[in-house]
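Fold and geometry: a report
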Amino acid sequence: MNNINKIAALACIALMGGMSACTDGNDWDADGSYAGTFRPTSLSCEQTGKGETTVMFTFGSVPGATSYQIEAATDTITADEVNPDNIVAEVTKSPATVDGFKMETTYWTRIRAISPSGNSKWIAAKKFTTEAINVINSDLTETTMTSVTVRWTGGTALTKATVEKQEELVREIEPTEEQKAAGEMKITELQPATIYTIKLWNGENRVGMVSVITQSGGPTGDYNITFDPASTMGEQLADVAAKAAEDGNDEYTVTVIIPAGVEAMIADKPAEESTDEASALTLPAGMSVTFYGERGNAMDVVTIYKSLNLDGRHSVVKFQNLTVTGAGYLLNQSNVCAVDSLIIEDCKVSGFTGNTFIRTQGGKYEATNAIGCLKLANSTFDNCGKGYGFIHVDGTIINNIDIDGCTFSNICTTGKCFFMQSKYVQDIESMRIKNSTFYNYCGSGQYFIDFKDKSAGPATFELSNCIFGKTADETANKNVRGTCDNAGYTSNCKLLSDCFKVIKGADKLEDKPSADIFTDPDNGDFTLKTGCGIEKCGDPRWY
(Lines give C-alpha, C1' and ligand atoms only; values in the text may rest on other atoms or scores of the structure.)
Protein backbone atom coordinates (compact mmCIF):
# COMPACT_ATOMS: atom_id res chain seq x y z
CA MET A 1 0.00 0.00 0.00
CA ASN A 2 2.82 2.41 0.86
CA ASN A 3 4.49 1.62 -2.46
CA ILE A 4 1.30 2.58 -4.32
CA ASN A 5 1.18 5.96 -2.53
CA LYS A 6 4.80 6.72 -3.36
CA ILE A 7 4.26 5.92 -7.02
CA ALA A 8 1.25 8.28 -7.15
CA ALA A 9 3.20 11.07 -5.50
CA LEU A 10 6.09 10.75 -7.95
CA ALA A 11 3.65 10.88 -10.87
CA CYS A 12 2.17 14.16 -9.63
CA ILE A 13 5.61 15.74 -9.19
CA ALA A 14 6.57 14.71 -12.70
CA LEU A 15 3.37 16.20 -14.13
CA MET A 16 3.87 19.51 -12.33
CA GLY A 17 7.41 19.75 -13.54
CA GLY A 18 6.21 19.32 -17.13
CA MET A 19 3.72 22.24 -16.78
CA SER A 20 6.19 24.95 -15.44
CA ALA A 21 8.41 24.20 -18.35
CA CYS A 22 5.93 25.84 -20.87
CA THR A 23 7.28 29.38 -20.54
CA ASP A 24 6.72 30.58 -24.07
CA GLY A 25 3.09 31.69 -23.77
CA ASN A 26 -0.50 30.63 -23.64
CA ASP A 27 -2.62 28.50 -25.81
CA TRP A 28 -4.87 31.69 -26.45
CA ASP A 29 -4.19 35.22 -27.69
CA ALA A 30 -4.13 38.18 -25.17
CA ASP A 31 -4.40 41.97 -25.75
CA GLY A 32 -1.18 43.37 -24.38
CA SER A 33 -2.44 46.98 -24.52
CA TYR A 34 -4.27 46.49 -21.22
CA ALA A 35 -1.47 44.64 -19.49
CA GLY A 36 -0.78 46.02 -16.05
CA THR A 37 -3.32 48.94 -16.20
CA PHE A 38 -6.49 48.62 -14.21
CA ARG A 39 -9.51 50.80 -14.90
CA PRO A 40 -10.77 53.13 -12.13
CA THR A 41 -12.96 51.36 -9.65
CA SER A 42 -15.63 54.08 -9.33
CA LEU A 43 -16.95 57.27 -10.97
CA SER A 44 -19.32 59.93 -9.76
CA CYS A 45 -20.12 63.34 -11.25
CA GLU A 46 -21.82 66.41 -9.85
CA GLN A 47 -22.55 69.86 -11.27
CA THR A 48 -20.55 72.43 -9.32
CA GLY A 49 -23.66 74.53 -8.88
CA LYS A 50 -27.11 74.95 -10.37
CA GLY A 51 -26.68 76.83 -13.61
CA GLU A 52 -22.93 76.18 -13.77
CA THR A 53 -21.23 74.77 -16.89
CA THR A 54 -18.60 72.82 -14.92
CA VAL A 55 -18.94 69.31 -13.52
CA MET A 56 -16.82 67.73 -10.79
CA PHE A 57 -15.71 64.13 -11.38
CA THR A 58 -14.68 61.91 -8.47
CA PHE A 59 -13.16 58.50 -9.20
CA GLY A 60 -11.04 55.78 -7.69
CA SER A 61 -7.34 56.24 -8.55
CA VAL A 62 -5.30 53.49 -10.22
CA PRO A 63 -1.72 52.58 -9.15
CA GLY A 64 0.74 53.47 -11.89
CA ALA A 65 -1.66 55.68 -13.83
CA THR A 66 -0.18 58.98 -15.00
CA SER A 67 -3.51 60.54 -16.03
CA TYR A 68 -7.15 59.80 -16.65
CA GLN A 69 -9.27 60.47 -19.72
CA ILE A 70 -12.87 61.59 -19.25
CA GLU A 71 -15.45 61.65 -22.03
CA ALA A 72 -19.01 63.02 -21.85
CA ALA A 73 -21.61 62.75 -24.62
CA THR A 74 -25.29 63.53 -25.04
CA ASP A 75 -25.89 59.99 -26.28
CA THR A 76 -24.76 56.56 -25.19
CA ILE A 77 -21.06 55.82 -25.80
CA THR A 78 -20.05 52.45 -27.27
CA ALA A 79 -16.90 53.01 -29.35
CA ASP A 80 -13.54 52.42 -27.72
CA GLU A 81 -11.99 55.55 -29.23
CA VAL A 82 -13.06 58.98 -28.07
CA ASN A 83 -15.21 61.20 -30.27
CA PRO A 84 -13.67 64.67 -30.65
CA ASP A 85 -17.18 66.13 -30.93
CA ASN A 86 -17.87 65.10 -27.35
CA ILE A 87 -16.53 66.72 -24.19
CA VAL A 88 -13.07 65.14 -23.71
CA ALA A 89 -10.64 66.02 -20.93
CA GLU A 90 -7.45 64.57 -19.48
CA VAL A 91 -6.95 65.00 -15.74
CA THR A 92 -4.31 63.81 -13.30
CA LYS A 93 -6.14 63.35 -10.03
CA SER A 94 -9.48 63.01 -8.32
CA PRO A 95 -11.56 65.09 -7.88
CA ALA A 96 -11.30 67.00 -11.15
CA THR A 97 -13.54 69.64 -12.79
CA VAL A 98 -14.40 69.72 -16.46
CA ASP A 99 -16.02 72.69 -18.24
CA GLY A 100 -18.26 73.00 -21.29
CA PHE A 101 -21.51 71.38 -20.15
CA LYS A 102 -24.91 72.76 -21.18
CA MET A 103 -27.82 73.38 -18.88
CA GLU A 104 -30.73 70.95 -18.63
CA THR A 105 -28.93 68.35 -20.68
CA THR A 106 -28.54 64.62 -20.07
CA TYR A 107 -24.99 63.27 -20.46
CA TRP A 108 -23.34 59.84 -20.46
CA THR A 109 -19.83 60.01 -18.97
CA ARG A 110 -17.00 57.50 -18.71
CA ILE A 111 -13.38 57.41 -17.59
CA ARG A 112 -10.24 55.32 -18.17
CA ALA A 113 -6.75 55.30 -16.75
CA ILE A 114 -3.64 56.09 -18.82
CA SER A 115 -0.18 54.69 -17.94
CA PRO A 116 3.13 53.94 -19.70
CA SER A 117 1.97 50.37 -20.16
CA GLY A 118 -1.18 51.51 -21.97
CA ASN A 119 -4.75 52.61 -21.43
CA SER A 120 -7.19 50.76 -19.22
CA LYS A 121 -10.64 49.73 -20.25
CA TRP A 122 -13.40 52.34 -19.85
CA ILE A 123 -15.47 52.24 -16.69
CA ALA A 124 -19.13 51.72 -17.51
CA ALA A 125 -20.78 55.00 -18.62
CA LYS A 126 -22.66 56.96 -15.96
CA LYS A 127 -25.79 59.01 -16.79
CA PHE A 128 -26.64 62.38 -15.22
CA THR A 129 -28.52 65.60 -16.09
CA THR A 130 -27.39 69.16 -15.52
CA GLU A 131 -29.72 71.69 -13.90
CA ALA A 132 -30.38 75.26 -15.00
CA ILE A 133 -30.34 78.32 -12.77
CA ASN A 134 -33.45 80.50 -12.68
CA VAL A 135 -32.67 84.16 -12.06
CA ILE A 136 -36.28 85.24 -12.71
CA ASN A 137 -38.29 86.32 -9.68
CA SER A 138 -41.69 84.90 -10.58
CA ASP A 139 -43.36 86.70 -7.64
CA LEU A 140 -42.47 90.06 -9.24
CA THR A 141 -43.64 89.13 -12.72
CA GLU A 142 -46.59 91.28 -13.83
CA THR A 143 -49.06 90.64 -16.61
CA THR A 144 -51.63 92.72 -18.42
CA MET A 145 -53.87 91.77 -21.31
CA THR A 146 -51.12 92.49 -23.83
CA SER A 147 -47.83 92.55 -21.92
CA VAL A 148 -45.56 90.76 -19.45
CA THR A 149 -43.01 92.49 -17.23
CA VAL A 150 -40.24 90.08 -16.22
CA ARG A 151 -37.85 90.85 -13.37
CA TRP A 152 -34.63 89.04 -12.51
CA THR A 153 -31.39 89.46 -10.61
CA GLY A 154 -29.83 92.62 -12.02
CA GLY A 155 -26.41 92.28 -13.57
CA THR A 156 -26.93 88.69 -14.74
CA ALA A 157 -25.05 87.95 -17.96
CA LEU A 158 -27.68 87.68 -20.73
CA THR A 159 -27.57 87.45 -24.49
CA LYS A 160 -31.24 87.09 -25.37
CA ALA A 161 -34.80 86.48 -24.20
CA THR A 162 -37.25 84.23 -25.99
CA VAL A 163 -41.04 84.13 -25.92
CA GLU A 164 -42.76 80.81 -26.59
CA LYS A 165 -46.42 79.94 -27.01
CA GLN A 166 -47.32 76.26 -26.86
CA GLU A 167 -43.59 75.41 -27.18
CA GLU A 168 -43.35 77.42 -30.40
CA LEU A 169 -40.94 80.34 -30.58
CA VAL A 170 -42.85 83.54 -31.31
CA ARG A 171 -40.22 86.15 -30.55
CA GLU A 172 -36.53 86.59 -29.75
CA ILE A 173 -35.38 89.75 -27.98
CA GLU A 174 -31.90 91.12 -27.31
CA PRO A 175 -31.92 92.87 -23.90
CA THR A 176 -30.45 96.36 -23.74
CA GLU A 177 -27.61 97.13 -21.35
CA GLU A 178 -30.04 99.17 -19.26
CA GLN A 179 -32.45 96.22 -19.00
CA LYS A 180 -29.67 93.82 -18.05
CA ALA A 181 -28.40 96.15 -15.34
CA ALA A 182 -31.87 96.84 -13.94
CA GLY A 183 -33.03 93.24 -14.24
CA GLU A 184 -36.33 94.20 -15.83
CA MET A 185 -37.91 93.88 -19.27
CA LYS A 186 -41.43 94.62 -20.52
CA ILE A 187 -42.57 92.41 -23.39
CA THR A 188 -45.50 93.91 -25.29
CA GLU A 189 -47.85 93.08 -28.18
CA LEU A 190 -49.01 89.81 -26.65
CA GLN A 191 -52.46 88.25 -26.86
CA PRO A 192 -54.97 88.32 -23.98
CA ALA A 193 -55.72 85.15 -21.99
CA THR A 194 -52.74 83.30 -23.49
CA ILE A 195 -50.05 81.15 -21.85
CA TYR A 196 -46.51 82.29 -22.64
CA THR A 197 -43.14 80.94 -21.53
CA ILE A 198 -40.39 83.54 -21.16
CA LYS A 199 -36.80 82.27 -21.16
CA LEU A 200 -33.57 84.16 -20.52
CA TRP A 201 -30.37 82.92 -22.14
CA ASN A 202 -26.65 83.39 -21.75
CA GLY A 203 -25.31 81.95 -24.97
CA GLU A 204 -26.70 78.44 -25.26
CA ASN A 205 -27.43 78.19 -21.55
CA ARG A 206 -30.86 79.02 -20.23
CA VAL A 207 -30.57 81.03 -17.01
CA GLY A 208 -34.18 81.86 -16.33
CA MET A 209 -37.69 80.73 -17.18
CA VAL A 210 -41.22 81.66 -16.18
CA SER A 211 -44.63 80.72 -17.56
CA VAL A 212 -47.43 83.28 -17.35
CA ILE A 213 -50.99 83.80 -18.50
CA THR A 214 -51.86 87.21 -19.85
CA GLN A 215 -55.04 88.69 -18.46
CA SER A 216 -58.36 88.14 -20.12
CA GLY A 217 -59.34 90.67 -22.71
CA GLY A 218 -61.38 93.62 -21.55
CA PRO A 219 -64.72 94.67 -22.92
CA THR A 220 -64.80 95.73 -26.53
CA GLY A 221 -66.88 98.46 -28.07
CA ASP A 222 -67.62 99.88 -31.48
CA TYR A 223 -64.45 101.91 -30.98
CA ASN A 224 -61.51 100.90 -28.78
CA ILE A 225 -58.65 103.14 -27.72
CA THR A 226 -55.75 102.96 -25.29
CA PHE A 227 -55.37 106.11 -23.22
CA ASP A 228 -52.32 108.14 -24.26
CA PRO A 229 -50.98 110.38 -21.46
CA ALA A 230 -49.52 112.70 -24.12
CA SER A 231 -53.00 114.18 -24.65
CA THR A 232 -56.13 114.70 -22.56
CA MET A 233 -58.99 112.28 -22.19
CA GLY A 234 -61.32 114.92 -23.62
CA GLU A 235 -59.22 115.25 -26.77
CA GLN A 236 -59.05 111.50 -27.28
CA LEU A 237 -62.80 111.03 -26.85
CA ALA A 238 -63.45 113.96 -29.19
CA ASP A 239 -61.37 112.19 -31.84
CA VAL A 240 -63.50 109.06 -31.39
CA ALA A 241 -66.69 111.13 -31.64
CA ALA A 242 -65.45 112.67 -34.88
CA LYS A 243 -64.73 109.23 -36.31
CA ALA A 244 -68.18 107.99 -35.23
CA ALA A 245 -69.77 110.97 -36.98
CA GLU A 246 -67.84 110.15 -40.15
CA ASP A 247 -69.17 106.61 -39.89
CA GLY A 248 -72.73 107.91 -39.46
CA ASN A 249 -73.11 106.61 -35.89
CA ASP A 250 -75.30 108.66 -33.54
CA GLU A 251 -75.09 106.17 -30.67
CA TYR A 252 -72.02 104.00 -30.20
CA THR A 253 -69.86 102.30 -27.57
CA VAL A 254 -66.24 103.09 -26.70
CA THR A 255 -63.77 101.14 -24.56
CA VAL A 256 -60.89 103.16 -23.12
CA ILE A 257 -58.08 100.91 -21.90
CA ILE A 258 -56.01 102.49 -19.13
CA PRO A 259 -52.50 101.01 -19.66
CA ALA A 260 -50.53 99.45 -16.84
CA GLY A 261 -48.80 102.03 -14.70
CA VAL A 262 -50.45 105.04 -16.36
CA GLU A 263 -52.50 107.60 -14.42
CA ALA A 264 -55.35 108.77 -16.61
CA MET A 265 -56.84 112.20 -16.04
CA ILE A 266 -60.57 111.96 -16.68
CA ALA A 267 -61.04 115.69 -16.22
CA ASP A 268 -58.33 118.05 -17.35
CA LYS A 269 -55.91 119.30 -14.72
CA PRO A 270 -54.71 122.88 -15.20
CA ALA A 271 -51.01 123.55 -15.64
CA GLU A 272 -49.14 124.11 -12.39
CA GLU A 273 -48.45 127.75 -13.22
CA SER A 274 -52.07 128.38 -14.22
CA THR A 275 -54.73 129.96 -12.01
CA ASP A 276 -57.53 128.29 -13.99
CA GLU A 277 -59.80 125.81 -12.30
CA ALA A 278 -59.81 122.19 -13.28
CA SER A 279 -62.32 121.49 -16.03
CA ALA A 280 -65.02 118.83 -16.04
CA LEU A 281 -65.15 116.15 -18.71
CA THR A 282 -68.38 116.12 -20.69
CA LEU A 283 -68.94 112.96 -22.67
CA PRO A 284 -70.01 113.56 -26.28
CA ALA A 285 -73.74 112.94 -26.69
CA GLY A 286 -74.57 109.45 -27.89
CA MET A 287 -71.32 107.94 -26.61
CA SER A 288 -71.36 105.02 -24.18
CA VAL A 289 -67.96 104.45 -22.61
CA THR A 290 -66.19 101.91 -20.42
CA PHE A 291 -62.99 103.02 -18.68
CA TYR A 292 -61.12 99.75 -18.12
CA GLY A 293 -57.91 99.14 -16.17
CA GLU A 294 -55.63 96.86 -18.18
CA ARG A 295 -54.01 95.06 -15.24
CA GLY A 296 -57.14 94.35 -13.25
CA ASN A 297 -57.30 94.23 -9.43
CA ALA A 298 -57.80 98.02 -9.39
CA MET A 299 -54.09 98.59 -10.04
CA ASP A 300 -54.45 101.27 -12.74
CA VAL A 301 -55.47 104.78 -11.75
CA VAL A 302 -58.09 107.19 -13.03
CA THR A 303 -58.08 110.66 -11.47
CA ILE A 304 -61.03 113.03 -11.76
CA TYR A 305 -59.90 116.54 -10.90
CA LYS A 306 -63.32 118.13 -11.08
CA SER A 307 -66.18 115.94 -12.28
CA LEU A 308 -67.77 113.96 -15.05
CA ASN A 309 -70.78 115.34 -16.93
CA LEU A 310 -73.23 113.10 -18.75
CA ASP A 311 -75.22 115.66 -20.70
CA GLY A 312 -77.43 114.18 -23.41
CA ARG A 313 -78.08 110.53 -24.16
CA HIS A 314 -75.74 107.68 -23.07
CA SER A 315 -76.50 104.01 -22.77
CA VAL A 316 -73.74 102.93 -20.36
CA VAL A 317 -70.94 104.71 -18.52
CA LYS A 318 -68.73 102.28 -16.65
CA PHE A 319 -65.54 102.23 -14.58
CA GLN A 320 -63.99 98.78 -14.15
CA ASN A 321 -60.73 97.37 -12.70
CA LEU A 322 -59.55 100.81 -11.62
CA THR A 323 -58.49 102.92 -8.69
CA VAL A 324 -60.71 105.97 -9.04
CA THR A 325 -59.57 109.06 -7.15
CA GLY A 326 -60.74 112.65 -7.17
CA ALA A 327 -61.10 115.93 -5.40
CA GLY A 328 -64.61 117.27 -6.07
CA TYR A 329 -67.18 114.90 -7.53
CA LEU A 330 -67.10 111.77 -9.58
CA LEU A 331 -70.37 112.97 -11.16
CA ASN A 332 -71.89 116.41 -10.81
CA GLN A 333 -74.76 116.38 -13.27
CA SER A 334 -76.08 119.90 -13.75
CA ASN A 335 -77.96 119.49 -17.02
CA VAL A 336 -80.60 117.14 -18.36
CA CYS A 337 -79.32 113.68 -19.13
CA ALA A 338 -80.66 110.30 -20.14
CA VAL A 339 -78.34 107.50 -19.02
CA ASP A 340 -79.40 103.87 -18.89
CA SER A 341 -76.63 102.68 -16.50
CA LEU A 342 -73.81 104.20 -14.49
CA ILE A 343 -71.61 101.35 -13.21
CA ILE A 344 -68.66 101.16 -10.81
CA GLU A 345 -67.33 97.58 -10.76
CA ASP A 346 -64.17 95.99 -9.35
CA CYS A 347 -62.82 99.39 -8.32
CA LYS A 348 -61.24 101.18 -5.38
CA VAL A 349 -62.80 104.62 -5.03
CA SER A 350 -61.45 107.31 -2.71
CA GLY A 351 -60.75 110.96 -2.17
CA PHE A 352 -63.91 112.80 -3.21
CA THR A 353 -63.72 114.96 -0.10
CA GLY A 354 -64.15 118.37 -1.70
CA ASN A 355 -67.81 117.68 -2.39
CA THR A 356 -69.10 114.10 -2.75
CA PHE A 357 -69.23 110.97 -4.85
CA ILE A 358 -72.36 111.59 -6.95
CA ARG A 359 -74.64 114.61 -7.15
CA THR A 360 -77.42 115.13 -9.68
CA GLN A 361 -79.13 118.44 -10.33
CA GLY A 362 -80.54 119.26 -13.76
CA GLY A 363 -84.12 120.25 -12.90
CA LYS A 364 -87.10 118.25 -11.73
CA TYR A 365 -87.47 114.59 -12.57
CA GLU A 366 -89.05 113.74 -15.90
CA ALA A 367 -88.82 110.69 -18.13
CA THR A 368 -86.13 112.26 -20.30
CA ASN A 369 -84.04 113.34 -17.32
CA ALA A 370 -82.98 110.21 -15.45
CA ILE A 371 -80.22 107.76 -14.73
CA GLY A 372 -81.87 104.38 -15.16
CA CYS A 373 -79.57 102.44 -12.81
CA LEU A 374 -76.62 103.20 -10.56
CA LYS A 375 -74.74 99.96 -9.97
CA LEU A 376 -71.90 99.65 -7.44
CA ALA A 377 -70.41 96.15 -7.45
CA ASN A 378 -67.43 94.43 -5.83
CA SER A 379 -65.78 97.75 -4.98
CA THR A 380 -64.49 99.69 -2.01
CA PHE A 381 -65.28 103.33 -1.25
CA ASP A 382 -63.22 105.28 1.28
CA ASN A 383 -62.98 108.86 2.41
CA CYS A 384 -65.77 110.24 0.22
CA GLY A 385 -68.32 112.99 0.80
CA LYS A 386 -68.41 116.41 2.41
CA GLY A 387 -71.41 118.69 2.62
CA TYR A 388 -73.66 116.44 0.54
CA GLY A 389 -74.97 112.91 0.69
CA PHE A 390 -72.76 110.20 -0.73
CA ILE A 391 -75.43 109.68 -3.41
CA HIS A 392 -77.13 113.07 -3.51
CA VAL A 393 -80.17 113.58 -5.75
CA ASP A 394 -81.25 117.18 -6.31
CA GLY A 395 -82.76 116.85 -9.76
CA THR A 396 -81.96 114.14 -12.26
CA ILE A 397 -83.50 111.08 -10.67
CA ILE A 398 -81.73 107.76 -10.19
CA ASN A 399 -84.49 105.22 -10.80
CA ASN A 400 -82.70 102.08 -9.60
CA ILE A 401 -79.83 101.71 -7.13
CA ASP A 402 -78.10 98.33 -7.01
CA ILE A 403 -75.26 97.84 -4.50
CA ASP A 404 -73.67 94.41 -4.07
CA GLY A 405 -70.39 93.24 -2.51
CA CYS A 406 -69.03 96.64 -1.48
CA THR A 407 -67.30 98.26 1.48
CA PHE A 408 -68.00 101.85 2.52
CA SER A 409 -65.69 103.48 5.07
CA ASN A 410 -65.32 107.09 6.18
CA ILE A 411 -68.34 108.17 4.15
CA CYS A 412 -69.83 111.66 4.68
CA THR A 413 -68.46 111.82 8.22
CA THR A 414 -68.99 115.60 8.22
CA GLY A 415 -71.58 115.54 5.46
CA LYS A 416 -75.04 114.16 5.12
CA CYS A 417 -76.73 110.88 4.26
CA PHE A 418 -75.53 107.79 2.48
CA PHE A 419 -78.45 108.29 0.08
CA MET A 420 -80.26 111.62 0.02
CA GLN A 421 -83.10 112.97 -2.09
CA SER A 422 -83.06 116.57 -0.96
CA LYS A 423 -85.02 118.75 -3.37
CA TYR A 424 -88.04 116.76 -4.51
CA VAL A 425 -90.23 114.11 -2.96
CA GLN A 426 -90.01 111.42 -5.60
CA ASP A 427 -90.57 107.67 -5.77
CA ILE A 428 -88.05 105.46 -7.54
CA GLU A 429 -88.30 101.95 -8.93
CA SER A 430 -85.89 100.02 -6.70
CA MET A 431 -83.08 100.14 -4.16
CA ARG A 432 -81.10 97.02 -3.32
CA ILE A 433 -78.16 97.02 -0.90
CA LYS A 434 -76.68 93.55 -0.44
CA ASN A 435 -73.57 91.85 0.93
CA SER A 436 -71.91 95.09 2.00
CA THR A 437 -69.96 96.48 4.95
CA PHE A 438 -70.32 99.99 6.40
CA TYR A 439 -67.95 101.75 8.82
CA ASN A 440 -67.67 105.36 10.02
CA TYR A 441 -70.44 106.89 7.92
CA CYS A 442 -73.24 109.49 8.12
CA GLY A 443 -72.10 112.33 10.37
CA SER A 444 -73.74 115.58 11.43
CA GLY A 445 -76.88 113.90 12.72
CA GLN A 446 -78.04 112.72 9.30
CA TYR A 447 -80.20 109.85 8.06
CA PHE A 448 -78.72 106.73 6.53
CA ILE A 449 -81.34 106.79 3.74
CA ASP A 450 -83.50 109.87 3.21
CA PHE A 451 -86.26 110.21 0.59
CA LYS A 452 -87.11 113.66 2.06
CA ASP A 453 -90.51 112.45 3.15
CA LYS A 454 -91.73 109.21 4.66
CA SER A 455 -94.34 108.95 1.92
CA ALA A 456 -91.73 108.46 -0.85
CA GLY A 457 -89.39 105.61 -1.60
CA PRO A 458 -88.61 102.68 -3.85
CA ALA A 459 -91.28 100.38 -5.19
CA THR A 460 -88.86 97.52 -4.43
CA PHE A 461 -86.48 97.70 -1.49
CA GLU A 462 -83.98 95.09 -0.25
CA LEU A 463 -81.44 95.43 2.52
CA SER A 464 -79.75 92.08 3.08
CA ASN A 465 -76.63 90.45 4.47
CA CYS A 466 -74.96 93.71 5.48
CA ILE A 467 -72.86 94.71 8.49
CA PHE A 468 -73.29 98.23 9.88
CA GLY A 469 -70.31 99.21 12.01
CA LYS A 470 -69.42 102.43 13.75
CA THR A 471 -71.36 105.53 12.73
CA ALA A 472 -69.67 108.92 12.58
CA ASP A 473 -71.82 110.27 15.42
CA GLU A 474 -74.24 108.93 18.01
CA THR A 475 -77.44 110.38 16.57
CA ALA A 476 -80.04 107.66 16.96
CA ASN A 477 -83.28 109.37 15.91
CA LYS A 478 -82.51 109.76 12.19
CA ASN A 479 -82.24 106.45 10.47
CA VAL A 480 -84.29 105.68 7.36
CA ARG A 481 -86.88 108.13 6.08
CA GLY A 482 -89.25 106.81 3.43
CA THR A 483 -91.59 103.96 2.68
CA CYS A 484 -88.63 101.58 2.97
CA ASP A 485 -88.47 102.08 6.76
CA ASN A 486 -90.01 98.68 7.28
CA ALA A 487 -88.63 95.55 8.92
CA GLY A 488 -90.11 93.40 6.20
CA TYR A 489 -87.52 94.60 3.70
CA THR A 490 -84.48 93.71 5.83
CA SER A 491 -82.86 90.30 6.21
CA ASN A 492 -79.68 89.02 7.90
CA CYS A 493 -78.24 92.44 8.66
CA LYS A 494 -76.08 93.16 11.72
CA LEU A 495 -75.90 96.43 13.68
CA LEU A 496 -72.75 96.54 15.80
CA SER A 497 -72.89 98.18 19.20
CA ASP A 498 -71.14 101.37 17.98
CA CYS A 499 -73.70 101.77 15.16
CA PHE A 500 -76.27 104.28 16.43
CA LYS A 501 -78.58 104.08 13.45
CA VAL A 502 -81.76 102.08 13.88
CA ILE A 503 -82.57 99.89 10.89
CA LYS A 504 -85.77 97.98 11.33
CA GLY A 505 -85.39 94.25 10.96
CA ALA A 506 -81.61 94.21 11.56
CA ASP A 507 -80.02 92.32 14.47
CA LYS A 508 -78.54 94.64 17.09
CA LEU A 509 -75.37 93.11 18.58
CA GLU A 510 -74.97 94.62 22.03
CA ASP A 511 -71.43 94.75 23.42
CA LYS A 512 -70.00 94.00 19.94
CA PRO A 513 -68.20 97.15 18.76
CA SER A 514 -66.44 97.30 15.41
CA ALA A 515 -63.02 96.74 16.97
CA ASP A 516 -64.21 93.34 18.24
CA ILE A 517 -65.55 92.26 14.84
CA PHE A 518 -63.10 93.67 12.27
CA THR A 519 -59.34 93.07 12.22
CA ASP A 520 -58.20 96.70 11.82
CA PRO A 521 -61.10 98.89 10.70
CA ASP A 522 -59.33 102.22 11.15
CA ASN A 523 -56.76 101.10 8.59
CA GLY A 524 -59.21 99.58 6.15
CA ASP A 525 -58.99 95.91 7.14
CA PHE A 526 -62.50 94.61 7.71
CA THR A 527 -61.61 90.94 7.80
CA LEU A 528 -63.94 89.24 10.26
CA LYS A 529 -62.05 88.12 13.34
CA THR A 530 -62.06 84.43 14.13
CA GLY A 531 -64.69 83.69 16.74
CA CYS A 532 -66.32 87.12 16.46
CA GLY A 533 -69.75 85.54 16.15
CA ILE A 534 -70.45 86.71 12.59
CA GLU A 535 -69.95 84.47 9.60
CA LYS A 536 -70.48 85.13 5.90
CA CYS A 537 -72.05 88.51 6.33
CA GLY A 538 -71.08 91.85 4.82
CA ASP A 539 -68.69 92.31 1.91
CA PRO A 540 -67.50 88.80 0.90
CA ARG A 541 -63.92 89.99 0.40
CA TRP A 542 -63.58 90.06 4.19
CA TYR A 543 -64.54 86.48 4.98
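Residues numbered from 1 in each chain as written. Predicted model: local features only at pLDDT ≥ 70, side-chain atom pairs only at ≥ 80, totals over all residues. Heavy atoms only, no water.

Now for the overall build of the chain. Tallying secondary structure elements over the chain gives 4 helices and 45 strands in all. Taking 24 Å as the expected radius of gyration for a compact globule of 543 residues, we find that the chain reaches 40 Å, considerably beyond that expectation. Seen through its principal axes, the chain has C-alpha atoms that stretch 145 × 65 × 40 Å. For the chain, buried positions account for 47% of its 543 residues. Of the contacts made within the chain by residues no fewer than 6 positions apart, 73% connect residues no fewer than 24 positions apart. For the chain, the accessible area works out to roughly 26000 Å², and carbon and sulfur atoms hold 47% of it. On the chain, the mean spot of the 46 positive side-chain charges and the mean spot of the 70 negative ones are 6 Å from each other. (Helix = DSSP H or I, 4+ residues; strand = E, 2+ residues; numbered from the N terminus. Rg over C-alpha atoms; globule rule 2.2 N^0.38 Å. Buried < 20%, exposed > 50% of the residue type's maximum accessible area, 1.4 Å probe, protein only. Contact = heavy atoms within 4.5 Å. Areas by Shrake-Rupley, 256 points an atom, 1.4 Å probe, with all protein chains shown as cover. Lys, Arg positive; Asp, Glu negative; His and termini not counted. Charge placed at Lys NZ, Arg CZ, Asp CG, Glu CD.)

On inspection of all chains with the given rule, the structure shows 2 cavities of 30 Å³ or more. What lines the largest cavity is Phe448, Ile449, Phe461, Leu463, Val480, Cys484, Asp485, Asn486, Thr490, Ile503 and Lys504. Grouping the amino acids of the lining of the largest cavity by side-chain chemistry returns 7 nonpolar, 2 polar and 2 charged. (1 Å grid on protein atoms, 1.4 Å probe; cavity = no way out; pocket = protein on both sides within 12 Å on 5 of 7 lines; lining within 4 Å. Points joined across faces, edges and corners; volume = space filled by probe spheres on them. Nonpolar A, V, L, I, M, F, W, Y, C, P; charged D, E, K, R; others polar.)

Quick look at the state of the cysteines now. In a disulfide, the sulfur atoms of two cysteines are held together by a covalent bond. A full pass over the atoms with the stated rule returns 0 disulfides. Cys347 takes part in no disulfide bond, and the closest cysteine sulfur, belonging to Cys406, lies 9.7 Å away. Under the relative-accessibility criterion, Cys347 is labelled buried at 2%. The thiol sulfur of Cys384 is not disulfide-bonded, and the nearest other cysteine sulfur, from Cys412, lies at 8.1 Å. According to the relative accessible area criterion, Cys384 is buried, its value standing at 0%. (Disulfide = S-S within 2.5 Å.)

For the rest of this paragraph, the subject is the sheet that holds strand S13 (residues 184–187). The strand order across the open sheet formed by 3 strands is S9-S10-S13, and the pairing between neighbours is antiparallel. Either end of the sheet is taken by a strand with one partner, and the two such strands are strand S9 (142–143) and S13. (Pairing = 2+ DSSP bridges.)

What follows deals with the pairing of strand S17 (residues 252–258). Burial of S17 is extensive: 6 of the 7 residues sit out of reach of the surface. Where strand S16 (residues 223–226) meets S17, 4 bridges bridge the pair, whose relative direction is parallel. Residue pairing for S17: Tyr223 is matched across the bridge by Val254. Considered for its hand, the β-α-β crossover made up of S16, helix H3 (residues 233–246) and S17 is right-handed. Where S17 lies against strand S20 (residues 287–293), 7 bridges are found, and the strand directions are parallel. Looking across to S20, one finds that Thr255 is bridged to Thr290. (Right-handed = clockwise from strand over helix to strand, strands pointing away.)

Applying the stated criterion to the full structure yields 29 aromatic pairs. Centre to centre, the rings of Phe448 and Phe468 are 5.4 Å apart; their planes meet at 85°, and the pair counts as edge-to-face. A residue pair is termed long-range when its members are at least 10 positions apart, and Phe448 in the loop between strand S36 (437–441) and strand S37 (449–450) and Phe468 in strand S39 (residues 467–468) qualify at 20 residues. When its relative accessible area of 0% is taken as the criterion, Phe468 is described as buried. Of the aromatic side chains, those joined through ring pairs into one cluster are Phe352, Phe357, Phe381, Phe390, Phe408, Phe418, Phe438, Tyr441, Phe448 and Phe468. Cation over ring: Arg110 sits above Trp122, and NZ or CZ is 3.9 Å from the ring centre. (Phe/Tyr/Trp six-rings, centres within 6.5 Å; stacked < 30°, edge-to-face > 60°. Lys NZ or Arg CZ within 6 Å of the ring centre and 35° of its normal.)

Looking now at the sheet that holds strand S18 (residues 263–265). What the 10 strands build is an open sheet, ordered S18-S21-S24-S27-S30-S33-S36-S39-S42-S43; its pairing is parallel. Each end of this open sheet is capped by a strand with a single partner; those strands are S18 and strand S43 (507–508). Note that S18 and strand S21 (residues 300–304) share 3 bridges and pair parallel. From the neighbouring strand, Met265 faces S21, where its bridge partner is Thr303.

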